[in-house]
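The lines below spell out each chain.
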Amino acid sequence: MGNGILDIAVTGLATAQNQLLTASHNISNAGTPGFNRQQVLLSTNTPQSGGAGFIGRGVHSSTVQRIYSQFLTTQSLQIQTQSQSLDSNYTEIKQLDNMFAEATSGLSPTLQNFFSAIHDVATNPGVIPSRQSMLSNADALVARFHSMDQRMSQIREGINTQVSSTVVHINSLAKQIGEINKQIIWAEGSAGGQPANDMLDQRDELINQLNKLVNTDTVRQSDGTMNVYIGNGQALVVGAQTLSLEAIKTPDSPNNLTIGLVNGNSTIQLPENQITGGTLGGIFSFRSNTLDNAQNSLGRVALTLAQTFNAQHQLGMDLNGAMGTNFFTLPAPNLISASTNSLTSNISMAITDYSALTTSDYELSYDGTNYTLTRLSDNVSATPSSSLPLTLDGISVTSATMLASERFRIQPTINGAKDIAVNINDTTKIAAASPNRTSAASTNKGTGTISAGTVNPLPLNTDLQQPLTITFSSPSKFDVTGTGIGLPATNQTYTAGTDISFNGYTFQISGSPAAGDVFTVTPNNNGVADNRNMLLLGALQATNTLENGTANYQTAYGQLVSQVGNKTRELAVTSKAQANLLAQTQQSIQSVSGVNLDEEAANLLRFQQAYQASSKIIEMSSTLFDSILRFG
């Protein structure tokens with residue numbers, strides 16, 4: 001009897017000791033990240049049968065279990081990776097929003113100052129200081145374009161740096177997960193299948209850290225290991241084996257770094273649209289959806305400003321009597337040959353309609369039979385053709401030398417803000433005047449009047465400044481004499497106010513001319529005080545020259561600022577909401593798996609009493625045994 005009581009007491013003492021150790025372990029790790037509370041599961045020993053029935057033989061510790069909710073943990077990982085993605089996206093876009101929102105560093109004030117200087121020249125066309133002010137404000141406008149584009153390029157470089165550092169961190173975490181998988185196999189195998197709770201917690205914490213960087217999925221294997229997948233199912237950790245990622249240049253956009261999977265001696269690019277969570281997902285989303293569009297939008301404003309201003313400036317005449325030249329240097333589109341293309345492959349393209357330009361990039365591909373020109377923002381394509389040219393949104397690919405499966409990326413506006421420049425630095429070369437002037441003979445008898453006239457759009461007619469004489473043979477007929485194509489023109493029908501165009505110059509005659517009335521168009525020699533072309537240049541500020549004639553420079557820029565601002569506010573709200581949801585989920589996890597110090601203190605007292613009670617049984621067993629010996 002004494003030995004039976006002693007055995008039972010020892011089992012109670014051992015289990016109480018295990019419970020005390022586990023409670024102490026919980027208390028010690030109350031602040032350890034990723035630690036899940038543990039508890040000892042007890043089972044009764046097999047009872048011994050006797051004449052009086054089954055007599056109990058004590059207790060034993062069947063296992064030490066961690067209090068863990070797979071459902072809450074999975075939910076937390078899903079919420080966390082999206083929260084991290086939104087946070088990183090918001091952090092990046094906030095930089096853009098600050099730049100556009102700053103009143104002194106935005107484009108609007110500088111653009112307004114430039115056109116104010118143009119209006120000043122229109123008021124004082126022959127005054128050199130006014131002309132110098134116009135050039136100075138043009139330089140300031142170009143400098144603002146440059147500084148804003150440079151800031152966006154710096155943000156792009158910052159993203160590349162983040163991609164590189166994040167890839168290093170991901171590889172380190174993957175290696176640690178693979179190593180701890182191996183340790184779990186060994187530990188649980190040597191312990192007869194008992195769970196290696198602390199190692200499981202460590203692995204979960206590593207996966208949690210990895211999930212902050214990139215969206216992950218996990219699959220538990222029968223041997224206790226955990227396989228980890230990123231993106232849309234790309235394996236990163238399989239058992240104890242790990243694969244490595246590498247930061248690589250995007251094949252069709254070398255200025256951007258993306259991620260690739262190292263496979264032996266080669267690296268396979270992972271599609272960015274499959275990286276939808278974590279820090280990587282956030283910065284990839286920002287770059288593709290916001291930064292690229294913002295840089296293209298700003299470039300489009302600069303490009304269209306340069307083209308439309310140049311086109312009108314060339315229709316005017318400067319102080320030296322020469323026709324105007326390009327006021328701005330027109331930035332060229334950017335063409336990128338895919339890294340897999342042959343070195344001899346090339347294409348030629350041109351912008352044929354600046355008002356139709358969008359903020360998208362384009363791709364020209366060739367399948368061996370047909371060429372396809374695709375707008376990448378929405379994957380809309382021009383009708384595939386076996387021959388060129390192909391035209392879409394104002395860009396036209398005129399020729400190409402390509403092999404099957406090759407592609408080129410076309411960025412029509414990306415260089416606009418970076419490469420725009422003022423082309424002239426001589427105030428006398430500002431073309432404020434019109435090259436021709438019109439007049440009516442003082443001897444005219446009728447009431448006819450002639451308008452000042454305008455120069456036809458480019459290209460200029462070589463006979464533009466050849467004198468023209470319009471003589472009315474009757475109130476309804478007139479003849480035009482001079483040098484040029486279609487001249488002389490006789491017996492022309494007169495309709496008041498309709499356009500009359502010769503030698504690339506268009507004017508109107510109104511009223512009721514009489515027979516013998518004469519009107520002339522002559523070169524505007526010594527037109528120092530003429531401001532007609534400068535007025536037309538100033539009118540460009542309010543002319544809808546972008547988005548197929550629906551927006552001017554200011555409204556197009558305003559739309560960009562509004563888009564960035566609205567997206568920033570959207571991300572501020574959604575990232576905060578996601579963070580709150582994550583906090584609630586983590587609180588739920590803590591309520592289930594976290595260490596409650598008050599509860600553990602109570603457990604310590606309870607386990608201590610159990611330990612003391614078992615010790616008392618041992619003491620009683622010893623007393624009983626001594627009594628039996630005395631009887632003997």
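One structure accompanies this document, and this report is about it. (Residues numbered from 1 in each chain as written. Predicted model: local features only at pLDDT ≥ 70, side-chain atom pairs only at ≥ 80, totals over all residues. Heavy atoms only, no water.)

On to the overall build of the protein, then. A tally of helices and strands in the protein yields 10 helices and 30 strands. In terms of overall size, the protein is more extended than a compact globule, its C-alpha atoms giving a radius of gyration of 41 Å where 632 residues would be expected to give roughly 26 Å. On the principal axes, the C-alpha backbone points of the protein span a range of 160 × 50 × 40 Å. Contacts in the protein between residues at least 24 apart in sequence constitute 68% of all its contacts with a sequence separation of at least 6. Taken as a whole, the protein presents about 29,500 Å² of accessible surface, with 52% of it coming from carbon and sulfur. Here the protein holds 31 positive side-chain charges and 43 negative ones, and the gap between their average locations is 3 Å. (Helix = DSSP H or I, 4+ residues; strand = E, 2+ residues; numbered from the N terminus. Rg over C-alpha atoms; globule rule 2.2 N^0.38 Å. Contact = heavy atoms within 4.5 Å. Areas by Shrake-Rupley, 256 points an atom, 1.4 Å probe, with all protein chains shown as cover. Lys, Arg positive; Asp, Glu negative; His and termini not counted. Charge placed at Lys NZ, Arg CZ, Asp CG, Glu CD.)

Strand order in the open sheet made by the five strands is S13-S20-S15-S16-S17, with antiparallel pairing throughout. In this open sheet, the two strands that pair with only one neighbour each are strand S13 (334-337) and strand S17 (380-381). Alignment of S13 against strand S20 (residues 406-411), held across four bridges, turns out to be antiparallel. Directly across from isoleucine 336, in S20, lies its bridge partner arginine 409. (Pairing = 2+ DSSP bridges.)

This paragraph deals with unusual backbone geometry. Note the cis peptide between leucine 388 and proline 389, where omega equals 15°. Position of proline 389 relative to the elements: it lies in the loop between S17 and strand S18 (390-392). In this model, leucine 458 is joined to proline 459 through a cis peptide bond whose omega is 5°. For proline 459, the location among the structural elements is in the loop between strand S24 (454-455) and strand S25 (468-474). With a phi close to 60°, asparagine 379 is a non-glycine residue in the positive phi region. Mapping asparagine 379 onto the fold places it in the loop between strand S16 (371-375) and S17. Positive phi, normally seen in glycine, also occurs at aspartate 393, with a value near 55°. Relative to the helices and strands, aspartate 393 resides in the loop between S18 and strand S19 (395-401).

In the contact formed by helix H4 (residues 128-190) and helix H5 (residues 197-213), the axes pass within 9 Å of each other and the chain directions differ by 160°. Our classification of the angle between H4 and H5 gives roughly antiparallel. The interaxial crossing formed by H4 with H5 has left-handed handedness. Here H4 contributes Thr166, His169, Ile170, Leu173, Gln176, Ile177, Ile180, Asn181, Gln183, Ile184, Ala187 and Glu188 to the contact with H5, which in turn contributes Met199, Leu200, Gln202, Arg203, Leu206, Ile207, Gln209, Leu210 and Leu213. Of the residues belonging to the contact of H4 with H5, the class tally is 12 nonpolar, seven polar and two charged. (Axes fitted to C-alpha atoms, helices over the stretch in contact; angles between N-to-C directions. Parallel < 35°, antiparallel > 145°, perpendicular 65-115°, else oblique. Left-handed = near helix turned anticlockwise from the far one by under 90°. Nonpolar A, V, L, I, M, F, W, Y, C, P; charged D, E, K, R; others polar.)

Now for the pattern of salt bridges. Under the counting rule described, the total for this entry stands at 15 salt bridges. A salt bridge links glutamate 179 to lysine 182; the nearest nitrogen and oxygen atoms lie 3.6 Å apart. With glutamate 179 and lysine 182 both in helix H4, this residue pair falls three residues apart, about one helical turn. Overall, lysine 182 belongs to the partly exposed group, its relative accessible area being 44%. The closest approach of N and O atoms between glutamate 619 and lysine 616, which form a salt bridge, is 3.6 Å. Taken together, the positions of glutamate 619 and lysine 616, both in helix H10 (residues 597-631) and three residues apart, correspond to about one turn of that helix. Of the residues examined, glutamate 619 reaches a relative accessible area of 47% and is grouped as partly exposed. The class for lysine 616 is exposed, based on a relative accessible area of 52%. Through salt bridges with shared partners, a single ionic network connects Arg66, Asp201 and Asp204. (Salt bridge = Lys/Arg side-chain N within 4 Å of Asp/Glu carboxyl O. Buried < 20%, exposed > 50% of the residue type's maximum accessible area, 1.4 Å probe, protein only.)

Moving on to helix H3 (residues 108-123). With 16 residues, H3 should cover 22 Å at 1.5 Å per step; its first-to-last C-alpha distance of 23 Å lies within 8% of that length. Taken together, the buried positions of H3 are occupied by Thr110, Leu111, Phe114, Phe115, Ala117, Ile118, Val121 and Ala122. The buried side chains of H3 occupy one side of the element, clustering within an arc of 150° when seen end-on. (Expected span 1.5 Å × (residues − 1). Arc of directions from axis to C-beta.)

So, about the sheet that holds S25. The strand order across the open sheet built from five strands is S22-S30-S25-S26-S27, with neighbouring strands paired in antiparallel fashion. Taken across any chain shown, the strands that pair with only one partner, and hence form the sheet edges, are strand S22 (436-440) and strand S27 (489-493). Pairwise comparison of adjacent strand axes, ignoring direction, gives a mean angle of 20° for this sheet. Strand direction decides the pairing type here: S25 and strand S30 (residues 518-523), joined by four bridges, are antiparallel. In the strand pairing of S30, threonine 469 is matched with threonine 520.

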